[in-house]
Amino acid sequence: MFTRQDALDLDAKDPLAKYRDSFVFTDPDVCYLDGNSLGRLPKATVETINKFLIEGWGTKIVDGWGEWIDKAETTGDLIGRAALGAAAGQTLAMDTTSVNFYRLVRAAISARPGRKTIITDEANFPTDRYIMQGIAEELGLNLVVIPNDLQEHSTGESFSDELVTSEILKPYLNDDVALVTLSVVAYRSGALHNIKELTDLVRASGALMVWDASHAVGAVDMQFDRDGVDLAVGCTYKYGNSGPGSPAWLYVNKRIQAELRMPIQGWFAQRNQFLMGSAFDQIEGMRGFQIASPSIIGLLCIDEGFGMIEDATIAQINAKASKGTDMMIELFDQWLAPLGYELVTPRDSKLRGGHISIYHPDAAQIARGLRDDMNVIPDYRAPNSIRLAISPLPTSYVEVFDGFERIRDYTQSGKYKDLDLSNVKVS
Ligand SMILES: Cc1ncc(COP(=O)(O)O)c(C=O)c1O
């Protein structure tokens, strides 16, 4: 039996416990278990942004660009160093994950001329699937979608957790495949893919691999350089705690930078940008992958969020995500399985990130009722999944414990059965 005292003991021994104090908490009673959707606000961000407004933009006005112009690269390097295992000169912080994803997929396809097949999986995040559909239509390519969506194939044993293994991917690969893309952590089930094994397999077939690391970055100890990752994108607003709509990032391994061209040729990628030359001439290195003016306020938010990750170290953060999700699964077995919930996240902590996913036929009502009546913020994904996360820097073990206890009590109460969800816009 896992007790509240056990959770308090974990907090007492937690080397990351001190970071909780670095975040803004306006309601000490809330159990915020949605850090995999949007992270909390670091106190330092408030100070940094206020200071920037007055001393940066307010004082320097246009002269500030002298020091801000390369910021997509310097903040990108910080993200790479702190969370991706990426040496400098391979990561840019800019735009959105969706836009960066489109760009890298297009660039990768162009770098494999003659190959007409692109591959993703059915359980991948919607924006990735929609963009792949659009690109396939635009370029007349054959889009292959691995059928691993649990909602569609609930009895498919080989996809019990949506994980795409090498054995599953292998039969899809041949010399017509230009590109494969998967998410590092599956957004719904929370399953963690084997980055190195899958990248090696795809590369051996002559294709390129694009990883979407949005649900992994800041929770999983990824080592892109060591594992030979080609291309990757991700956000900064989840475990990166950089704010709603903060700039995303993209990673292009040095090994293939010279082979790739961006589908949008913007002025930030131009050699001698301020000579304003008449013909586009892509500069070498990561600057050649940038399109336009960076959001300096957004990048400063990332500096605070990822500065904290660098300080805490991604290894310690990953260790807490593993321990925290272990605790969640123990509490799931103890309290939630008997109430009709089903666990879809792998039980092996090496096969998951910072969140677990549980199914319940009344998940939509329960998730709403937990917010309204129990001061627990979970994450709901249609049609029947509740996702619960530990964000290792701001979340304590006891916050997770209390949240699970309230989920148990609320489910037992049956109150959710009367909820009317017709006016709910965002879940
Ligand atoms: C895996 C994944 N990819 C892409 C996105 C979309 O990000 P954006 O809105 O920044 O394009 C998200 C958003 O949550 C995501 O989880």
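Residues numbered from 1 in each chain as written. Predicted model: local features only at pLDDT ≥ 70, side-chain atom pairs only at ≥ 80, totals over all residues. Heavy atoms only, no water.

> Now, about the overall build of the protein: what can you tell me, with residues and values included?
Scanning the protein from N- to C-terminus turns up 14 helices and 13 strands. For a compact globule of 427 residues, the expected C-alpha radius of gyration is about 22 Å, and the protein comes in at 22 Å, within 12% of that figure. Seen through its principal axes, the protein has C-alpha atoms that stretch 70 × 55 × 40 Å. Counting every position in the protein, which comprises 427 residues, the buried fraction comes to 57%. The contacts of the protein with a sequence gap of at least 6 include a subset with a gap of at least 24, amounting to 73%. Taking the average location of the 41 positive side-chain charges in the protein and that of its 58 negative ones, the two points are 2 Å from each other. (Helix = DSSP H or I, 4+ residues; strand = E, 2+ residues; numbered from the N terminus. Rg over C-alpha atoms; globule rule 2.2 N^0.38 Å. Buried < 20%, exposed > 50% of the residue type's maximum accessible area, 1.4 Å probe, protein only. Contact = heavy atoms within 4.5 Å. Lys, Arg positive; Asp, Glu negative; His and termini not counted. Charge placed at Lys NZ, Arg CZ, Asp CG, Glu CD.)

> Hey, could you go over the domain arrangement of the protein for me, with residue numbers and the actual values?
Here the protein is described as being made up of domain 1 (4-32 + 313-418) and domain 2 (49-312). Taken over C-alpha atoms, the centre of domain 1 sits 28 Å from the centre of domain 2. Counting residues at the interface gives 34 residues for domain 1 and 27 residues for domain 2. Of the roughly 2400 Å² buried between domain 1 and domain 2 on both sides combined, carbon and sulfur atoms contribute 57%. By the criterion of area lost to domain 2, the three top residues of domain 1 are Y19, I314 and H355, representing 23% of everything that side buries. If you look at where domain 1 meets domain 2, you find zero salt bridges. Viewed at the interface, domain 2 and domain 1 are joined by 12 residue pairs in polar contact (both at pLDDT 80 or more). Taken together, the elements giving at least two residues each to the side of domain 1 that touches domain 2 come down to α12 (314-336), β10 (355-359) and β13 (385-389). It is α12 that contributes the most residues to the side of domain 1 that touches domain 2, six residues altogether. Each residue belonging to the side of domain 1 that touches domain 2 can be placed in one class, and the counts come to 18 nonpolar, 12 polar and four charged. (Domains from an automatic or database assignment. Buried area = accessible area lost by both parts, 1.4 Å probe. Salt bridge = Lys/Arg side-chain N within 4 Å of Asp/Glu carboxyl O. Polar contact = N/O pair within 3.5 Å; in protein donor to acceptor, adjacent residues only side chain to side chain. Nonpolar A, V, L, I, M, F, W, Y, C, P; charged D, E, K, R; others polar.)

> Tell me about the pairing of β13, residues and numbers included.
Counting buried positions over the five residues of β13 gives five, a clear majority of the element. Residues S385, R387 and A389 of β13 are buried on one face, and the alternating residues I386 and L388, pointing to the opposite face, are buried as well. In this sheet, β13 lies alongside β10 in antiparallel orientation, the contact comprising five bridges. Bridged to I358 within β13 is I386. Where strand β12 (residues 379-381) meets β13, three bridges bridge the pair, whose relative direction is antiparallel. Across the sheet, R381 pairs through a bridge with S385, a residue of β13. (Pairing = 2+ DSSP bridges.)

> Describe the site of the ligand, and please don't skip the residues or the numbers.
Taken together, T96, T97, S98, F125, T127, D128, D212, S214, H215, Y237 and K238 make up the full set of residues adjacent to the ligand. Take S98: an N or O atom from its side chain is 2.6 Å from an oxygen atom of the ligand. One of the side-chain N or O atoms of K238 is found 2.9 Å from an oxygen atom in the ligand. Contact with the protein chains hides 83% of the accessible area of the ligand, taken as 400 Å² for the molecule alone. Elements supplying a minimum of two residues to the shell around the ligand: α5 (97-110) and α6 (126-139). (Near = heavy atom within 4 Å. Areas by Shrake-Rupley, 256 points an atom, 1.4 Å probe, with all protein chains shown as cover.)

> Go over the pairing of strand β7 (residues 231-234), please, and point to the residues and values.
Alternating residues of β7 divide into L231 and V233 and A232 and G234, and every residue in both groups is buried. Taken together, the three bridges between strand β6 (residues 208-212) and β7 define a ladder with parallel strand orientation. Each bridged residue has a counterpart across the sheet, and for W211 the counterpart in β7 is A232. Where β7 meets strand β8 (residues 249-252), four bridges bridge the pair, whose relative direction is antiparallel. Along β8, the bridge assignment pairs G234 with W249.

> Go over the sheet that holds strand β3 (residues 117-121) with me, naming the residues and quoting the values.
Each strand in a sheet pairs with another by means of backbone hydrogen bonds, the pair being arranged parallel or else antiparallel. Taken in spatial order, the seven strands make up an open sheet running β2-β8-β7-β6-β5-β3-β4, and their pairing is mixed. With one partner strand each, in any of the chains shown, β2 (91-93) and β4 (142-146) form the two edges of the open sheet. Here the strands of the sheet are splayed against their neighbours by 15 degrees on average, with no regard to which way each runs. One ladder, built from three bridges, connects β2 with β8; its direction is antiparallel. The residue bridging L92 from the neighbouring strand is L250, located in β8. The sheet contacts of helix α8 (residues 195-204) involve β5 (177-183) and β6, and relative to β6 the element is tilted by about 150 degrees. (Axes fitted to C-alpha atoms, helices over the stretch in contact; angles between N-to-C directions.)

> Got a sec to walk through the packing of helix α4 (residues 71-84) against helix α11 (residues 296-312)? Specific residues and values, please.
Where α4 meets α11, the closest approach of the two axes is 9 Å, and the angle between their N-to-C directions is 20 degrees. With respect to α11, the axis of α4 lies roughly parallel. The chirality of how α4 crosses α11 is left-handed. Touching K71, A72, T75, L78, I79, R81, A82 and A83 of α4 are I296, L299, L300, I302, D303, F306, G307, I309 and E310, all from α11. When its residues are assigned to classes, the contact of α4 with α11 shows 11 nonpolar, two polar and four charged. (Parallel < 35°, antiparallel > 145°, perpendicular 65-115°, else oblique. Left-handed = near helix turned anticlockwise from the far one by under 90°.)

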